[in-house]
Amino acid sequence: EPGQWEQRFQELLEYKRKHGNFHVTSKENATLSSWCKTQRQRYKNTMAIYQGLYDSEFTGTQQKAEQLYNKAKKHCEDVRNKGALLEPNDISEA
C-alpha cells in the first residue's frame, strides 16, 4: 500500500488532470494544499542546506531545477494577481 507522500502525489496528479494546473487552494482541498506548501518549503530548505554545506554554485541540472521552480513560483503569483492560467509548456521544459 502506498505511503502518505505517494498518496498525496497521486492526488496532485489527479488534480492536475481534472483542473489542468497545480494551483490547489485550501478552499478546494485543504489537505492537498498544505502538502504542496510543505513540499515547496522542503525544496527551499534543501537547496539552502546544499549551498551552505558545499558553498558552491548549482550544477547545470540544479540550475535548471531552480529556474523551473522560480518560473512556477512567479506563475503562481501571477495566478493570484491576475488570474492567469498554467500552460502545459510552462512546466514541461525540464
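Analysis parameters
Residues numbered from 1 in each chain as written. Predicted model: local features only at pLDDT ≥ 70, side-chain atom pairs only at ≥ 80, totals over all residues. Heavy atoms only, no water. Helix = DSSP H or I, 4+ residues; strand = E, 2+ residues; numbered from the N terminus. Buried < 20%, exposed > 50% of the residue type's maximum accessible area, 1.4 Å probe, protein only. Contact = heavy atoms within 4.5 Å. Phe/Tyr/Trp six-rings, centres within 6.5 Å; stacked < 30°, edge-to-face > 60°. Polar contact = N/O pair within 3.5 Å; in protein donor to acceptor, adjacent residues only side chain to side chain. Core = buried A, V, L, I, M, F, W, Y, C linked by side-chain atoms within 4.5 Å. Salt bridge = Lys/Arg side-chain N within 4 Å of Asp/Glu carboxyl O.

Peer 1: Pulling in residues and values, what's your account of the overall build of the chain?
Peer 2: Tallying secondary structure elements over the chain gives 3 helices and 0 strands in all. The linear arrangement of helices and strands in the chain, starting from the amino end, is α-α-α. Taken over 94 residues, the chain has a buried fraction of 20%. A separation of at least 24 residues holds for 37% of the contacts in the chain among residues at least 6 apart in sequence.

Peer 1: Could you give an account of the packing of aromatic side chains, with specific residues and numbers?
Peer 2: Tallying each qualifying case throughout the model produces 3 aromatic pairs. On the basis of an interplanar angle of 10° and a centroid distance of 5.3 Å, the ring pair of Trp 5 and Phe 9 is categorised as stacked. Remark: Phe 9 and Trp 5 occur in helix α1 (residues 4–19); sequence separation between them is 4 residues, near one turn of the helix. For Trp 5, a relative accessible area of 40% gives the class partly exposed. By the ring-pair criterion, three or more aromatic residues cluster together here, those being Trp 5, Phe 9 and Trp 35.

Peer 1: Go over the environment of Glu 28, please, and point to the residues and values.
Peer 2: Position of Glu 28 among the secondary structure elements: in the loop between α1 and α2 (30–54). If we skip the residues at most four places from it in the chain, Glu 28 touches Tyr 15, His 19 and His 23. There is a polar contact of 2.6 Å between the side chain of Glu 28 and the side chain of Tyr 15.

Peer 1: Which residues make up the nonpolar core, and what values do they have?
Peer 2: Residues Leu 12, Tyr 15, Val 24, Leu 32, Trp 35 and Cys 36 constitute the largest nonpolar core, which totals 6 residues. Per element, the largest residue contribution to this core is 3 residues, and it comes from α2.

Peer 1: Account for the pattern of salt bridges, naming residues and giving values.
Peer 2: In total, this model carries 2 salt bridges according to the counting rule given. We note a salt bridge from Arg 8 to Glu 11, for which the minimum N-O separation is 2.6 Å. With Arg 8 and Glu 11 both in helix α1 and 3 residues apart, this pair spans about one turn of that helix. You can call Arg 8 buried: its relative accessible area is 15%. With its nearest N and O atoms 2.5 Å apart, the salt bridge here joins Glu 14 to Arg 17. Linking Glu 14 with Arg 17, this pair stays in helix α1, spanning 3 residues, or about one helical turn. For Glu 14, a relative accessible area of 32% gives the class partly exposed. On the basis of relative accessible area, Arg 17 is assigned to the exposed category, the value being 61%.

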